[in-house]
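# Reading the structure
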Amino acid sequence: MNKTRIAMVLGDPAGIGPELIARLLSDEKVRSQAQVILIADESEMRRGMDIAGLTFPYRQIDSLASLDFTDDTPLFYNFRGDAVGDFPRSEASAIGGRYCLDTLKIAVELTAAKTTNAVLFGPLNKTSLHMAGMDHNDELHWFAELLGFNGPFCEFNVMDSLWTSRVTSHVALSAVPGMLTQERVIEAIRLIDTALKRNGLQAPRIGVCGLNPHNGDNGSFGREEIDIIGPAVKTAQAQGMNADGPYPGDTIFLKVQGDANAFDAVVTMYHDQGQIAIKLMGFSRGVTVQGGLPIPITTPAHGTAFDIAGQGKANVGAIRQAFEIACRMGQSNV
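Residues numbered from 1 in each chain as written. Predicted model: local features only at pLDDT ≥ 70, side-chain atom pairs only at ≥ 80, totals over all residues. Heavy atoms only, no water.

### Concerning the nonpolar core
In terms of nonpolar packing, the biggest core is built from 64 residues, with Met-8, Leu-38, Trp-163, Ile-189, Val-267, Met-269 and Phe-323 touching the most fellow members. Ranked by the residues each element gives to this core, the list is headed by helix α8 (residues 182-198), at 8 residues. (Core = buried A, V, L, I, M, F, W, Y, C linked by side-chain atoms within 4.5 Å. Buried < 20%, exposed > 50% of the residue type's maximum accessible area, 1.4 Å probe, protein only. Helix = DSSP H or I, 4+ residues; strand = E, 2+ residues; numbered from the N terminus.)

### Examining helix α3 (residues 42-52)
Of the positions making up α3, those classed as buried are Glu-44, Met-45, Gly-48, Met-49, Ile-51 and Ala-52. Here the buried residues of α3 occupy an arc of 165° about the axis, which is enough to place them on one side. Each element contacted by the buried residues of α3 is listed here: α1 (17-25), β2 (34-40), β4 (75-78) and α4 (94-112). (Arc of directions from axis to C-beta. Contact = heavy atoms within 4.5 Å.)

### Re the pattern of salt bridges
Here the structure, examined in full by the defined rule, presents 15 salt bridges. Across the pair Arg-23 and Glu-19 runs a salt bridge whose closest N-O atoms are separated by 2.9 Å. One end of the pair is Arg-23 and the other is Glu-19, both in helix α1 and 4 residues apart, which spans about a single turn. Residue classification places Glu-19 among the buried residues on the basis of a relative accessible area of 2%. With a shortest N-O distance of 2.9 Å, Arg-89 and Glu-44 are connected by a salt bridge. Within this pair, whereas Arg-89 is found in the loop between β4 and α4, its partner Glu-44 is found in helix α3, the two being separated by 45 residues in sequence. Sharing partners across several salt bridges, the network here consists of Asp-27, Arg-320 and Glu-324. (Salt bridge = Lys/Arg side-chain N within 4 Å of Asp/Glu carboxyl O.)

### So, the pairing of strand β5 (residues 118-121)
Residues Ala-118 and Leu-120 line one face of β5 and the alternating positions Val-119 and Phe-121 line the opposite face, and both faces are buried. Looking at chain direction, strand β1 (residues 4-9) and β5 are connected through 4 bridges and run parallel. Note on β5: the bridge partner recorded for Val-9 is Phe-121. (Pairing = 2+ DSSP bridges.)

### Some remarks on the packing of α1 against helix α12 (residues 317-330)
Look at α1 against α12: their axes get within 9 Å of each other, and the N-to-C directions meet at 60°. Classified by the interaxial angle, the pair formed by α1 and α12 is oblique. In terms of crossing hand, the pair formed by α1 and α12 is right-handed. Residues Leu-20, Ile-21 and Leu-24 of α1 pack against Ile-319, Arg-320 and Phe-323 of α12. (Axes fitted to C-alpha atoms, helices over the stretch in contact; angles between N-to-C directions. Parallel < 35°, antiparallel > 145°, perpendicular 65-115°, else oblique. Left-handed = near helix turned anticlockwise from the far one by under 90°.)

### Comments concerning the side chain of Glu-44
Of the residues examined, Glu-44 reaches a relative accessible area of 3% and is grouped as buried. In this structure, Glu-44 is in contact with Leu-10, Pro-13, Pro-18, Phe-87, Arg-89 and Tyr-99, ignoring residues within four places of it in sequence.

### Here's the deal with the sheet that holds strand β10 (residues 265-268)
Through backbone hydrogen bonds, the strands of a sheet pair up, either in parallel or in antiparallel fashion. Overall, mixed pairing links the 12 strands, which are arranged β3-β4-β2-β1-β5-β12-β11-β6-β7-β10-β8-β9 in an open sheet. Looking at the sheet topology across the chains shown, the edges are occupied by β3 (59-61) and β9 (243-247). Averaged over neighbouring strand pairs, the angle between their axes works out to 25° when direction is ignored. Direction of pairing for strand β6 (residues 154-159) relative to strand β7 (residues 162-166): antiparallel, over a ladder of 3 bridges. If you follow Val-158 over to β7, its bridge partner there is Trp-163. Relative to the sheet, α8 contacts β6, β7, β8 (206-209), β9 and β10, its axis offset from that of β7 by approximately 150°.

Below is the structure:
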């Protein structure tokens, strides 16, 4: 099996991303698992090493026209994009956002062309991205536009072996009931079923949340479970997906914790229904997967952590998990 080739970027230079990448690539075992090209400003890469107190070998290249992965030594492409001037530290900035967008664009283009097989990026700051001109709510929609992708997509969050997806995401809670349809629930189930198969599972077990307290209590607190979610689960089953539910949102994650074989994934109806639970289960290990896109893209689920940036305290756990997922999912894009 050929090793996955990963296009890697540091993330926002004002945060902990450069330190995390330095910690990740300083591990010889990590370097042996994949062939990496790091797209970054050299001074920022070295600053990350200084903060981490660690170094890693790399081979600098001057062109992206033909990448020569001859061994496990990461390739390094010194690139700053259109970002001009010094990067502010521990705060959002247009220059930091510009640098993130420009480096990510190269990583995505390399992977879309199959020169690399997956993208891994350090934490981003949405305010910085918006200051730099990104007019999407989040980077997932920006990725989709960059790829010219018009199909369904969804942000997945991963904690160890448990994956979550959601039917609605960055919308007001008051808007959620009106956005729920059988088609959207089935789509969310299908997206995570496909992603888990790309991650190596042949028949993923998927639990589906209800919307209302106590699953609506037979219609006493709402009929979404009866009219929308339940029928959607049955349709997904008829289409060959191993889905079950709906289950009450306040107990489904307890079911997962009590039985490791319960589910591989949980489909939630809105953002915090899954996010609160999964972050409580292990904030420092969580991973975000940009689900549904034609290429694998992963990142730590935590943010830029401006409060500890530059202090050498960053926990490498989440980005290590993101790297492992990128390695596995990248094999389907080789």
